[in-house]
Amino acid sequence: MHSRSRIPIVRLAATAALALATLTVGVPSAQASDTAPATRPAPDDPFVVTLSTNVSTTDFTHRKVKLSGTVTRADGTPVAGAPVKLLKTVLYDTWNPWGDPIDPIERETLPLGTLHTDAQGKFAVSNVPADRWLDRDSIHLFPRHQVEFQASYDPGDPSDGHFYYADTTVQVRPVTSALTYKVNKTKVRAGDTLVVTGKVTWPAGHGPVKGTRVLLRTYYESAYDAKTTTDARGNFTVRAKIRGYDRDFVLFSAPKDYYVAGASKKLPVKNVTPRPAPAT
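Since the model is a prediction, treat every value here as computed from it, not as a measurement. (Residues numbered from 1 in each chain as written. Predicted model: local features only at pLDDT ≥ 70, side-chain atom pairs only at ≥ 80, totals over all residues. Heavy atoms only, no water.)

**Student:** What should I look at first to understand the nonpolar core in this one?
**Tutor:** Counting 49 residues, the largest nonpolar core has Phe149, Leu216 and Leu251 as the members making the most contacts within it. Of all hydrophobic cores here, the second largest spans 5 residues; its members include Leu141, Leu215, Phe252 and Ala254. (Core = buried A, V, L, I, M, F, W, Y, C linked by side-chain atoms within 4.5 Å. Buried < 20%, exposed > 50% of the residue type's maximum accessible area, 1.4 Å probe, protein only.)

Here it is in structure tokens:
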């Protein structure tokens, strides 16, 4: 996979502040001698970090990757013995029906430890799971099916915020699941209870269906308004008390396994509660 190295914003901000200081200090005042030397701080000593994986896509039965990369100076000279910190991040979409300028990505991040470069400035590690590592369900519901890996090198004081890093992303090809349902009514009013029964399935041999979360959204601003889990056969029942403003009925599943895709259905349910008359 194509990888890139970059300097984080914190370094760019520090560089901008340093440039401003150079301009302020380096320009002689009107009263100073024309021959007074300008004060110039020493330039940064830049480094370049690269990172790549041996595959660009993983699937249910092939979840591990090899990470490799380099640390060099800007002129290409390898940096031997450089400590390189590795971490991985499993990515999810942020629930955001309002269009606010918030981060569109939610993250589960795990440090993978530190490697040291060899004499050629290279590092590598095999059999790294491109996957979640928690046994419990994620608090996030909408997986992007992408796993990002990062490598960082800090050449100086670890508290100064100056470091160099690279990242690369592996695409996850998930197993497809299915969701079937029945509703107890297609027209509802405030105070009614909407009951949805159904079943979650996916191909045999891809892990148990039992315990899969099934969620029901009745209001567009909510990620969900009611939830349940499936039994050993994938069957479920979920109930929601209807409010006058509930007018968005969507059912969806959220498998725990990052390599099993959820399914969703827009329900043929209409809220016929009269809307309040506009204020005069």
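**Student:** Whenever I open this one, the pattern of salt bridges confuses me. Can you help?
**Tutor:** Side chains bearing opposite charge may pair, as long as their charged atoms lie close to each other. Throughout the structure, instances matching the rule amount to 11 salt bridges. Notably, a salt bridge pairs arginine 63 with aspartate 131, separated by 2.8 Å at the nearest N-O pair. Here the residue arginine 63 occupies a position in the loop between strand S3 (57-59) and strand S4 (64-73), and aspartate 131 occupies one in the loop between strand S7 (122-129) and strand S8 (143-153), the gap between them amounting to 68 residues. Taken as a pair, arginine 63 and aspartate 131 share a single burial class, namely buried. Linking arginine 132 and glutamate 108 is a salt bridge whose minimum nitrogen-to-oxygen distance equals 2.9 Å. With arginine 132 in the loop between S7 and S8 and glutamate 108 in strand S6 (residues 105-116), the pair connects residues that are 24 residues apart, well separated along the chain. Residue classification places arginine 132 among the buried residues on the basis of a relative accessible area of 10%. (Salt bridge = Lys/Arg side-chain N within 4 Å of Asp/Glu carboxyl O. Helix = DSSP H or I, 4+ residues; strand = E, 2+ residues; numbered from the N terminus.)

**Student:** Would you mind showing me how to read the layout of surface pockets here?
**Tutor:** Sizing a probe to match a water molecule and rolling it over the atoms shows the empty space that remains. Approximately 300 Å³ is the volume attributed to the largest pocket. What lines the largest pocket is a set of 21 residues, and nearest its centre among them are Asp137, Pro208, Pro255, Lys256 and Asp257. Classifying every residue of the lining of the largest pocket gives 9 nonpolar, 4 polar and 8 charged. Lining the second largest pocket are 20 residues, and of these Leu141, Phe142, Pro143, Ser253 and Ala254 sit closest to its centre. Of all the elements, strand S16 (residues 250-254) adds the most residues to the lining of the second largest pocket, at 3 residues. Class assignment of the residues belonging to the lining of the second largest pocket gives a composition of 10 nonpolar, 6 polar and 4 charged. (1 Å grid on protein atoms, 1.4 Å probe; cavity = no way out; pocket = protein on both sides within 12 Å on 5 of 7 lines; lining within 4 Å. Points joined across faces, edges and corners; volume = space filled by probe spheres on them. Nonpolar A, V, L, I, M, F, W, Y, C, P; charged D, E, K, R; others polar.)

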